[in-house]
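# Fold and geometry: a report
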Amino acid sequence: MAKVKSGIVGFSFDKFPNSSIADEESKAKAKKDKEKGSKCISHLILRSTVNYGGTQIDNLKFNYLLKGVPIAVYVMRNVLASDLENIVFIGSPETRRIFEMVRECFFGSTRGKNVDFIDEDNELSLYNTIKRGYAALRENGPIYFQAGDLPLLTDINQIIYDEDIEKYDLILDLNSKERIFINEHNEVADEFEFFKRNYY
């Protein structure tokens, strides 16, 4: 079966000028959800610089702790455990420090792989993240891209091995409520939904 050999993991994210603007944007989204009668009120974590006890902190969701460990660690670990051979992580200086610790702690999982970290630049966008990662890989074949906020995506191999790789230029593996939360009669069953969210 065909395999994607190279991957980009984007820990780079748009940044608001300050935390007040980011907070207002999050509140506006939640208010809109409520007014529409949405089943779930969005809790957006928008990036900005936050003053915490006199220290400027990059409020970046990838660096939030999950069970005392940065979310980025789970993502990096899962990607490193895959059969990808060339991996570029791209993100902030804080995320680079997390990457260096992961590489030191899980050195065995990087053996036989080309693994690198690229610092994001001032042009923060998904397009620029993919473009910079692609240039760093110097790869002409298919590329796996993953956003850095998917700590529960553990089996990367089920995605990078795909017979469609040789037939198509772009493959999007999309989740939907209808595929995840179904009962034995193949019907959508809301009681199975453990993460409440809005579906589009």
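Let me begin by describing the structure that accompanies this report. Keep in mind the model is a prediction, meaning the values are calculated, not measured.

## Concerning helix α1 (residues 19-35)
Here α1 spans 24 Å end to end across 17 residues, near enough to the 24 Å set by a 1.5 Å rise per residue. Buried within α1 we find Ala22, Ser26, Ala30 and Asp33. Down the axis of α1, the smallest arc covering the buried residues is 70°, so these residues share one side. Seen from the open side of α1, the exposed residues pointing more than 90 degrees away from its buried face are Ser20, Lys27, Lys31 and Glu35. Looking at the buried residues of α1, the elements they touch are β2 (48-52). The N-terminus of α1 is capped by Asn18, whose side-chain oxygen sits 3.0 Å from the backbone nitrogen of Ser20. Gly37 lies just past α1 and shows a positive phi near 75°.

## Brief notes about the nonpolar core
Counting 25 residues, the largest nonpolar core has Phe11, Met76, Val79, Leu84 and Phe89 as its most contacted members. Those elements that place two or more of their residues in this core are α2 (71-80), β6 (86-91), α3 (93-105) and β7 (114-119). Per-element tally for this core: the top contributor is α2, with 7 residues. Each residue touching Met76, except ones within four places of it in the same chain, is listed here: Phe11, Phe89, Thr95, Ile98, Phe99 and Val102. Among the nonpolar cores identified, the runner-up in size contains 5 residues, and Ile8, Val88, Ile118 and Leu137 belong to it.

What counts, and where the lines are drawn
Going along each chain's sequence as written, the residues are numbered from 1 onward. Reporting of local features is limited, given that this is a predicted model, to residues whose pLDDT is at least 70; pairs of side-chain atoms are given and counted only at 80 or more, and all residues count toward the totals for whole chains, interfaces and linings. Note: side-chain values were computed over all heavy atoms of the structure, leaving out hydrogens and water. Here a helix means four or more residues in a row that DSSP labels H or I, a strand means two or more in a row labelled E, and each is numbered from the N terminus. A helix is expected to span 1.5 Å for every residue after the first. Relative accessibility thresholds used throughout: buried, under 20% of the residue-type maximum; exposed, over 50%; partly exposed, between the two (1.4 Å probe, protein chains only). Throughout, the arc means that of the directions going from the helix axis to the C-beta atoms. Note on definitions: a residue-residue contact is assigned when non-hydrogen atoms from the two residues lie within 4.5 Å. Polar contacts, as used here, are pairs of N or O atoms within 3.5 Å; protein pairs need one atom able to donate a hydrogen and one able to accept it. Residues neighboring in sequence count only if both atoms are side-chain atoms. Within this scheme, the nonpolar core is defined by two criteria: the residues are buried Ala, Val, Leu, Ile, Met, Phe, Trp, Tyr or Cys, and they are joined through side-chain atoms within 4.5 Å.

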